Amino acid sequence: MDLRIFTEPQQGADYDTLLTVARATEELGFDAFFRSDHYLGMGSTDGLPGPTDAWITLAGLARETKRIRLGTLMTAGTFRLPGVLAIQVAQVDRMSGGRVELGLGAGWFEEEHKAYGIPFPKERFGRLEEQLAIITGLWETEVGKTFDHDGEYYRLTDSPALPKPAQRRIPVLIGGHGASRTPRLAARYADEFNIPFASVEDSERQFGRVRAAAEAAGRPADDLVYSNALVVCVGRDEAEVARRAAAIGRDVDELRANGLAGSPAEVVDKLGRYAAIGSSRVYLQVLDLEDLDHLELISSRVQSQLG
């Protein structure tokens, strides 16, 4: 099972902090560094020093890391026009030497749109479907040919469809809990399906829907990677687990029930339960970005046991 580090910088982190975590991610042998795409903190945080932009951050990290994959869970489709996003992601992919992955979602947090003057359209899922068609279409268009799209929300005419990514195909991640439209969209466009903050039972149910949608679309269900995103809080003993839970304002029992919390052995056991229902990758939501010892513990005592 691949373990990836997943950060929430809108809760309060500048670029230097993210760089430190990304370098630790690489040095400790994790597969990838991912970040959220939000401009406003959530909950009781003051959000200081303020938001960082996901793709500007990843562009910087592309030049300052060598091995780890880099991506978003999830880029908000409301933040960027699809043609512009295709350029941005392809450029960062080239800057990284082909290590980028694009998680793309419809956008959901209305308050951040109000805070920064970003339109928040009612019909976001239909826009997301067109965005996926445009972005993947631009990347797949042969050099020397042009791309056109005449949709309900977006129109592109005679686009040169440049630049091209370094990778032949940038992996696209689609995720969520939706029972019908989300699996259908994943079956058509995704290389990976991710379900965030879900139990083993709910994950198995949603993976089954995506697998069925893929097969209905004439695609092998195993053609997709199936993954989870879960908050992580590991300690060598109960006191350390409690200290880490308090640092992120969470209850230990709640974290044990809804995330990956407890001793390394407990967390390895729970990861095994996710692996048993088809999850081959887990994004560890790390909320205290100053606690690099936490990452070292996960690397040495959890990741080392996963094979």
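Preceding block: the structure.
Here the structure is a predicted model, which means the values were calculated and not measured.

Trainee: So what exactly am I meant to see when it comes to the overall build of the protein chain here?
Mentor: Within the protein chain, the secondary structure is distributed over 11 helices and 12 strands. Taking 307 residues into account, the globule formula puts the C-alpha radius of gyration at 19 Å, and the protein chain, at 19 Å, falls close to it. With the C-alpha coordinates aligned to their principal axes, the bounding extent of the protein chain is approximately 60 × 45 × 35 Å. Looking at the 307 residues of the protein chain, the share that counts as buried comes to 54%. Carbon and sulfur atoms provide 50% of the accessible area of the protein chain, an area that totals close to 13,500 Å². Averaging the locations of the 35 positively and 46 negatively charged side chains of the protein chain gives two centres separated by 4 Å.

Trainee: In this structure, what is going on with the nonpolar core? I would like to understand it.
Mentor: Nonpolar side chains tend to gather and get buried jointly when the protein is soluble and globular. Trp-55, Trp-139 and Leu-284 are the most contacted members of the largest nonpolar core, which has 73 residues in total. Per-element accounting of this core gives the leading share, seven residues, to helix α5 (residues 124-140). In contact with Trp-55, other than residues within four places in its own chain, are Thr-72, Thr-75, Arg-80, Leu-85, Val-89, Val-92, Val-100, Glu-101 and Leu-102. Counting eight residues, the second-largest nonpolar core is a separate cluster that includes Cys-233, Val-241, Ile-248 and Val-252.

Trainee: Explain the environment of Ala-198 to me, please; I cannot follow it from the model alone.
Mentor: On the secondary structure map, Ala-198 appears in the loop between β9 (192-196) and α7 (200-216). The exposure class assigned to Ala-198 is buried, which follows from its relative accessible area of 4%. In this structure the C-alpha to C-alpha distance between Ala-198 and Tyr-154, which are 44 residues apart in sequence, comes to 33 Å.

Definitions and cut-offs
Residues numbered from 1 in each chain as written. Predicted model: local features only at pLDDT ≥ 70, side-chain atom pairs only at ≥ 80, totals over all residues. Heavy atoms only, no water. Helix = DSSP H or I, 4+ residues; strand = E, 2+ residues; numbered from the N terminus. Rg over C-alpha atoms; globule rule 2.2 N^0.38 Å. Buried < 20%, exposed > 50% of the residue type's maximum accessible area, 1.4 Å probe, protein only. Areas by Shrake-Rupley, 256 points an atom, 1.4 Å probe, with all protein chains shown as cover. Lys, Arg positive; Asp, Glu negative; His and termini not counted. Charge placed at Lys NZ, Arg CZ, Asp CG, Glu CD. Core = buried A, V, L, I, M, F, W, Y, C linked by side-chain atoms within 4.5 Å. Contact = heavy atoms within 4.5 Å.

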